[in-house]
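# Summary of the model geometry
Okay, here's what each chain looks like letter by letter:
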Amino acid sequence: MTPHPPATPAQPSYRPPSTSRGRAPGPVAASRAAAEPAADPRWARPALWALLLVTAVLYLWSLSASGYANQFYSAAVQAGSESWKAFFFGSSDAANSITVDKPPAALWPMALSVRLFGLSSWAILVPEALMGVATVGVLHGAVRRRFGAGAGLLAGGALAVTPVAALMFRFNNPDALLCLLMVCAVAAVLRALDDGRTKWLVLAGVCFGLGFLTKTLQAWLILPALAVVYVCCGPVALRRRLGQLLLAGLAIVVSGGWWVAAVELWPAASRPYIGGSQHNSFLELTFGYNGFGRITGNETGSVGGGGGRPGGGGGWGETGITRLFSSDMGGQISWLLPAALILLVASVWVLRRARRATDAERAGQRAEFLVWGGALLMTFTTFSFMSGIFHQYYNIALAPYIAALVGMGAGLFWRRGGRRAPFVLAVAVAVTAGWSFVLLNRSPEWLPWLRWTVVALGLLSAVGLVALGLLSVRAGAPVRAGASAGDGEQAGDGEQAREGAGTRDGEPVGDGASPGRSPLRTGRRLAVLAAGLGVVTALAGPVAYTLDTVNTPKSGSIITAGPAVRGGMGGPGGGFPGGRRAGMWRGANGGTGGPGPGGPQGTRQAGRQGTQQSNNQAASPGRLPGQGQAAGGGRRAGGQGFPGGPGGFGERGAGRMGGMGGLLNGSKVSAKAKALLEKDAGDYTWAAAAIGSQNAASYQLATEKPVMAIGGFNGSDPSPTLDQFKKDVADGKIHYFVAGGQGGPGGGRGGPGGGRGGSSKITSWVEKTFEKVTVGGATFYDLTRKA
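Residues numbered from 1 in each chain as written. Predicted model: local features only at pLDDT ≥ 70, side-chain atom pairs only at ≥ 80, totals over all residues. Heavy atoms only, no water.

With respect to the secondary-structure elements, Ser 113 resides in helix α5 (residues 107-117). Excluding anything up to four places from it in sequence, Ser 113 contacts Gly 118, Ala 123 and Pro 127. (Helix = DSSP H or I, 4+ residues; strand = E, 2+ residues; numbered from the N terminus. Contact = heavy atoms within 4.5 Å.)

Here you go:
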C-alpha cells in the first residue's frame, strides 16, 4: 500500500454505511461497519482449519491412556448413562444415594456420549477434547473480527498450547465446559458492543446461566467487568443499555435457576442427597463450600483447607499477587501472563483518545481490550487472594483471556505501526523470554537446552524489533510490515490523521518517499523475521510443557501439567499447595507429590525423589496408590502423594487423620473382587457401600453396578446417617461394605451427623456386626451375614 502524503488524511479502513436520505451514519451504524472484518487473505481459512486440526490431534492423542481420569466424575457419568434421574441430579450412582459436589451440566455431555457409545475412557473424554477445539475456534473468531486473521491465529494457538488448557481439555473435570462457556459469553458481549443488539447480551446471559450449572459462582467472576464495560462503551443510549443488562440478568436467572428451583422444591426424601452440603441443600453448597468458603477458607466439610494460617491461604498455599507465578502455578498458566499485561496497558494507552462517534474502529478495539482485560484482572485477583480450596488446574479459567490479549495486542501493534510499536513488542518479547527462562529453570534436568534457546531467540527478536523502531525513526516513517505482507489488511488500521493531518498520536505519518526505498524494504524483512522469532520465543516453553502433558497419562483428583519442578508447594500429604518444601514438586502423572515415606515433618517435609506407586499395582480398598499416578505407571520421580500409609498426610497419616485413603483417587479392583460384587448384584439396590466417592467409584466403574458413596467426596457429608444406613441394610438394599475407606480428617468434620458420628460410626458398626470377607487382597463385609 502506498503511504499517504503527510498532509493527506488516510481513508478509514471500513466503508461508511450509506443512508437513503444521505444523512451521516449514527454511532451504532458506524460501529457495526467498523466491526465488519476486512476480507481475509487467502491463507486465513486454511490456516484456521490447520489450527483446529492440530488442536484436535493434540487433545485426542493417546486420550484413553488416562483411563477414567477423575473417577469421581466418571462414576457419576456412568450413573447418568443408566438412570435419567441420576442424569438430572448428577448422582454418584444410578440408585441416587448422593450427588457430586457440583451442579450436573458438565456431566451431561459425557453421560450422553456414554449412552451412545458405551462406557469407556474415550466416550467420557472425547467430549472434553471437542470442547477444547470449540473453545479455540470461538476465541479465534472473537479476536479476528477487529484485529485480523493473524491475531486470531496467534490467540487460538496460544490457548491451544497453554499447558493447563491442554491438561483440562483432556480430562473430565467441569473446567473444560466452563472455559468454553466463558469464551462464548465474552464473544457474545463483544458482538453486543459492536451493534447494540439485545440478542447478544441475552445469549451471553444464557452462557453465564449454564456456566453456573457447571461450576456455580466461579462462572460469575467476570460478570462485573463485562457489565461495567458495556454500560460505559455500549453503542446505544444509556437507558437502553441498562434495560438490556436487566434482560441479560433475567436470562441468567432462567437458564441457571430452573434446575436450582427444581432441586430445592423436590421432596428431599425422593431425591439424592446434595453432595458437599451439610444440610442437603444446593443453595448451601453454592454459597458455602463452593462459594464464599472458597474465598474465606471457611469450608465446612472440606479437608486440607480452611482455618487460615499466617500469610493467608489456609492449607492451600500463601495468597498474594505473586501466587500464580509461584513454582507450582507458574508453569501451568503464567508463560504469557506478563506479556498479556504489558500489551493490555500499552494498547489501552494508545487507544485512549478514540471516540465512538468519530473513530468507531479504534473505540471498538479499546472496548475489546477492556472486556478481555477486565475478565483477566477479575479472575487473576480472585485466584491470587482466595484462601479456600485452590488447585493448579483452576488456572484454565485465565487461559483464554491471556491468549486473547496477546493476540490482540500483537495484532494491534503489528498492523498500526508507529514509532512506539516495535519497542512495545520488543519489551513484551524480552520479558516473555526472561520469564520462560525462570519457569524452565525450575526443572533443570528437563530439556536443559530449551531455556537457553528461548533466551537466545528472544534476545534476537527483541534486538530486531528495537532495530526496526530505530529504522522507522531514521526513515522518517513507521515501518509497518503487516501492510506489505499481502494479508488483505490496511497498514495502520486506517488510523492516519485521526488526531490531526499527518500525525498519529502526535507522531508524523507517511514517509514522504517512494515505497521502494531501501530502508523500508529492509525494515519489512526485519519485521517479519523478528516477529517470527518472537512467536517462537513466546510459545516454545508452553509447547514443550504441553507435549509433556499430552504424553503423560493423568488420573486422580489433583493433576498438573508439565514436568516436575523445584520449589513447589506441598500441602497435606503434598497433594495440596500448602506449605513450601524443597525438592521436586509433582507426582508421576502431573499430580502433586507429597512427603517422602515416613517424613518426620508432616506437611512441610521435603519429599525429594520419593518413588510413587503405579495405579496398576494392587492396593487395598480405600488406600490410595499414590495420588496423581500415571495410569500406566509412574514415569518420573516425585513425592509420594497421599498414600494411606507412611508419609501420607504427614505425621497425621495414621490414626487421628486416617490417611487420605480413597479421597483423591480410587483403588485397583481385582478380578476376584469384581466377581464378588457382581454376584447377585441385581438383587440389591447397591452392590456395595464405601467411604468416600473415589473409593466407591472404583468399584462402580469396575462392575457398572451402583455403589453407595458414604459421606460423599470427602467422606464428611452426613449422608447417610447411621440410622439410615442401618435401615437400608435391614431392608436388604446393600450387599457389601468395602473396608479400609476413610472420611477425611477423623471421618469428616463439621456438619450434623458428620465426623465420627457419620462415616466412622458406620464403619465401627459394620466391623462389629457383620462377617468379614477377604478377596483378591481386599476386605469386604457381607451385610447379609452377621458375625
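Leu 139, Leu 193, Leu 226, Trp 372, Phe 383, Ile 402 and Phe 413 are the most contacted members of the largest nonpolar core, which totals 160 residues. Of all the elements, helix α6 (residues 121-160) adds the most residues to this core, at 18 residues. One finds Ile 98, Ala 696, Ala 709 and Phe 780 within the second-largest nonpolar core, a separate group that totals 18 residues. (Core = buried A, V, L, I, M, F, W, Y, C linked by side-chain atoms within 4.5 Å. Buried < 20%, exposed > 50% of the residue type's maximum accessible area, 1.4 Å probe, protein only.)

Estimates place the volume of the second largest pocket at around 550 Å³. Lining the second largest pocket are 24 residues, and of these Asn 96, Ser 97, Ala 269, Arg 271 and Gln 724 lie nearest its centre. Those elements that place two or more of their residues in the lining of the second largest pocket are β6 (707-710) and α23 (722-730). A per-element tally of the lining of the second largest pocket places α23 first, with three residues. (1 Å grid on protein atoms, 1.4 Å probe; cavity = no way out; pocket = protein on both sides within 12 Å on 5 of 7 lines; lining within 4 Å. Points joined across faces, edges and corners; volume = space filled by probe spheres on them.)

What follows is about helix α9 (residues 198-215). Over its 18 residues, α9 extends 26 Å from the first C-alpha to the last, a length consistent with the 26 Å expected when each residue adds 1.5 Å. For α9, the tally of buried residues reaches 13 of 18 residues, placing the bulk of the element in the interior. Within two residues after α9, Thr 216 carries a phi angle of roughly 45°, on the positive side. (Expected span 1.5 Å × (residues − 1).)

A separate point is empty space enclosed by the protein. In this structure the tally under the stated criterion is seven cavities of 30 Å³ or more. Here the second largest cavity is characterised by a volume of approximately 100 Å³. At four residues, the largest contribution of residues to the lining of the second largest cavity is made by helix α8 (residues 175-195). A class-by-class count of the residues in the lining of the second largest cavity yields 10 nonpolar, two polar and one charged. (Nonpolar A, V, L, I, M, F, W, Y, C, P; charged D, E, K, R; others polar.)

Before going further, it helps to examine the pattern of salt bridges. In total, this model carries 11 salt bridges according to the counting rule given. A salt bridge links Lys 102 to Asp 101; the shortest N-O distance between them is 3.4 Å. Of the residues examined, Lys 102 reaches a relative accessible area of 9% and is grouped as buried. Residue Asp 101 is classed as buried on the basis of its relative accessible area, which comes to 6%. Lys 727 is paired through a salt bridge with Asp 731; the nearest N and O atoms lie 3.0 Å apart. By sharing partners, the salt bridges in this structure join Arg 145, Arg 146, Asp 194 and Glu 368 into a single network. (Salt bridge = Lys/Arg side-chain N within 4 Å of Asp/Glu carboxyl O.)

For the structure shown, the criterion picks out 30 aromatic pairs. Where Phe 383 meets Phe 390, the ring centres are 5.2 Å apart and the plane angle is 55°; that geometry is what we call tilted. Residue classification places Phe 383 among the buried residues on the basis of a relative accessible area of 2%. Assessed through its relative accessible area of 0%, Phe 390 is described here as buried. A ring pair is formed by Phe 725 and Phe 737, whose centres lie 6.4 Å apart and whose planes are at 80°; its orientation type is edge-to-face. In this pair, Phe 725 sits in helix α23 while Phe 737 sits in strand β7 (residues 734-738), placing the two residues 12 residues apart along the sequence. Looking at Phe 725, the relative accessible area reads 0%, which means it is buried. Clustering of aromatic rings is evident, with ring pairs tying together Trp 84, Phe 87, Phe 88, Phe 89, Trp 108, Phe 212, Trp 220, Trp 258, Trp 259, Trp 266 and Phe 282. In this structure, Arg 352 is placed above the aromatic ring of Trp 349, and the distance from its NZ or CZ to the ring centre is 4.0 Å. (Phe/Tyr/Trp six-rings, centres within 6.5 Å; stacked < 30°, edge-to-face > 60°. Lys NZ or Arg CZ within 6 Å of the ring centre and 35° of its normal.)

A few words now on unusual backbone geometry. Going from Ser 719 to Pro 720, the amide bond is cis rather than trans, its omega being -5°. Residue placement: Pro 720 occurs in the loop between β6 and α23. With a phi angle near 55°, Ala 69 is a residue other than glycine that sits in the positive phi range. Along the chain, Ala 69 turns up in the loop between α2 (44-60) and α3 (71-82). At Asn 96, a position not held by glycine, the phi torsion is positive, near 65°. Looking at the element boundaries, Asn 96 is found in the loop between α4 (84-89) and α5. Judged by relative accessible area, Asn 96 falls into the buried class, the value being 13%.

Attention shifts here to the confidence of the model for the protein. When the pLDDT values of the protein are averaged, the result is 79; 71% of them are 70 or greater. Throughout residues 743-757 the model reports pLDDT below 50, and contacts reaching past four residues in sequence, or to other chains, amount to 48 contacts. (pLDDT = per-residue confidence, 0-100.)

Moving on to the sheet that holds strand β8 (residues 770-775). Here we have five strands laid out as an open sheet, ordered β6-β5-β7-β9-β8, and mixed in their pairing. Because the sheet does not close on itself, it has two edges, and the strands there are β6 and β8. The sheet shows a mean angle of 30° between the axes of neighbouring strands, taken without regard to direction. Bridge analysis of β7 against strand β9 (residues 778-786) gives three bridges, and the strand direction is antiparallel. If you follow Phe 737 over to β9, its bridge partner there is Tyr 781. Running at roughly 170° to β6, helix α22 (residues 693-703) makes contact with β5 (686-691), β6, β7 and β9 of the sheet. (Pairing = 2+ DSSP bridges. Axes fitted to C-alpha atoms, helices over the stretch in contact; angles between N-to-C directions.)

Further remarks concern helix α15 (residues 360-385). Over its 26 residues, α15 extends 37 Å from the first C-alpha to the last, a length consistent with the 38 Å expected when each residue adds 1.5 Å. The buried fraction of α15 amounts to 21 of the 26 residues, a majority that puts the element mostly inside the structure.

Our focus in this paragraph is the packing of helix α14 (residues 337-350) against helix α17 (residues 421-441). Contact geometry of α14 with α17 gives a least axis separation of 8 Å together with a crossing angle of 160°. As the angle between them shows, α14 and α17 are arranged roughly antiparallel. Like other packed secondary-structure pairs, α14 and α17 cross with a definite hand, here right-handed. Touching Pro 338, Ala 339, Ile 342, Leu 343 and Ala 346 of α14 are Val 424, Leu 425, Val 427, Ala 428, Val 431, Thr 432 and Trp 435, all from α17. Considering only residue class, the contact of α14 with α17 consists of 11 nonpolar, one polar and no charged. (Parallel < 35°, antiparallel > 145°, perpendicular 65-115°, else oblique. Left-handed = near helix turned anticlockwise from the far one by under 90°.)

Geometry of a packed helix pair, given as the angle between the helix axes and the separation of the axes. Between α23 and helix α24 (residues 759-769), whose axes approach to 9 Å, the crossing angle comes to 40°. Taken as axis vectors, α23 and α24 run oblique relative to one another. The two elements α23 and α24 meet at a crossing, and its hand is right-handed. Of α24, the residues touching α23 (which contributes Leu 722, Phe 725, Lys 726 and Val 729) are Lys 761, Ile 762, Trp 765 and Val 766. Looking at the contact of α23 with α24 residue by residue, the class counts come to six nonpolar, no polar and two charged.

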